[in-house]
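Listed here are the chains, written in short residue letters.
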Amino acid sequence: MKRNIVVAITGASGVVYAIRLLDVLVAAGCDVQLSISPAGQAVLRQELGIEIDLAEFRLDSLLPTRKELAALARFEKLRELIGVDAWHIGAPSGSAMAASSSAAAHSGVPGRVRYHHYQNFFAEMASGSALSDGMVVCPCSGGTLSAIAHGASGNLIHRAADVHLKERRKLILVPRETPLSLVQLDNMRRAVEAGAVVLPAMPGFYQGVNSIRDLIDFVVARICDQLGVPQTLMKRWGDN
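Residues numbered from 1 in each chain as written. Predicted model: local features only at pLDDT ≥ 70, side-chain atom pairs only at ≥ 80, totals over all residues. Heavy atoms only, no water.

A short note on the packing of aromatic side chains
Geometrically, a pair of aromatic rings is defined through the distance of the ring centres and the angle of the planes.
Thought 1: Scanning the model with the defined rule gives 3 aromatic pairs in all.
Thought 2: Centroid distance Phe57 to Tyr115: 4.1 Å. Interplanar angle 15 degrees. Geometry classified as stacked. Highlighted residues: Phe57 in the loop between α2 (38–48) and α3 (66–71) and Tyr115 in strand β5 (residues 113–115), separated in sequence by 58 residues.
Thought 3: Classification of Phe57 as buried rests on a relative accessible area of 0%.
Thought 4: The class of Tyr115 is buried, set by a relative accessible area of 5%.
Thought 5: Ring centres 5.5 Å apart and planes at 90 degrees place the aromatic pair Tyr206 and Trp237 in the edge-to-face group. Highlighted residues: Tyr206 in the loop between β8 (197–198) and α8 (212–227) and Trp237 in the segment after α8, separated in sequence by 31 residues.
Thought 6: Among the residues examined, Tyr206 registers a relative accessible area of 43% and is labelled partly exposed. (Phe/Tyr/Trp six-rings, centres within 6.5 Å; stacked < 30°, edge-to-face > 60°. Helix = DSSP H or I, 4+ residues; strand = E, 2+ residues; numbered from the N terminus. Buried < 20%, exposed > 50% of the residue type's maximum accessible area, 1.4 Å probe, protein only.)

In structure tokens:
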């Protein structure tokens, strides 16, 4: 049975973790509900040179096909960080609101990505009656962390996180900030006490690191472990 995972991209540094996570989840056969905040949109532009339209969203503007990734200069940073050989997602033309992506380089049954505008409170992820197998906010900005910790549902991402907490479903928050203020630490504590998992983007080095991709995959692997999604992205401690 396919797993249904909610993924939210917000305005913290490290948005490449989210791109790689989407790649891995779809390749693993998961259906993904995706929402992106305006600040997340800005970070995509700043860090990866990727331009997306939140109102008229196209999945291929965020997740290019392997052919597009190899050919288009606007995906140069993404190609360097993740690598074409690792890329699994093949996105169709047209709006991702009406279409879904397929995994072009995956031998199993691919997942799909469905996009929800961050102001659309009628999206299924806004209701506890719509089932999911977990939610990841990656990267999780300090403002999003604060809204979640205090139950302030100012947008769909906040509301979906609130739903996962109240329904006792897995909620994973991936902050990328340093140093941390007492306010941020207290918000993390509040989120954990409410039932969330705080999984900072702190890659380990014990698995053997040869590239930036290895560091990215370490964090994505730990997220997948929390979601119960099988992965072979990293060498586990104790493995020969």
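Still more ground to cover, so stick around.
Focus on the nonpolar core
Thought 1: Residues Leu25, Leu34, Ile36, Leu62, Leu78 and Ile223 are the most contacted members of the largest nonpolar core, which totals 50 residues.
Thought 2: Among the elements that line this core, the one with the most residues is helix α1 (residues 15–27), at 10 residues.
Thought 3: Leave out the neighbours within four places in its chain, and Leu62 touches Ile19, Leu22, Leu34, Ile36, Leu44, Ile50, Ile52, Phe57 and Phe75.
Thought 4: Ranked by size, the runner-up nonpolar core spans 20 residues in total, among them Val6, Ile148, Ala161 and Leu173. (Core = buried A, V, L, I, M, F, W, Y, C linked by side-chain atoms within 4.5 Å. Contact = heavy atoms within 4.5 Å.)

Fair warning: the whole summary comes from geometry, so function is off the table for now.
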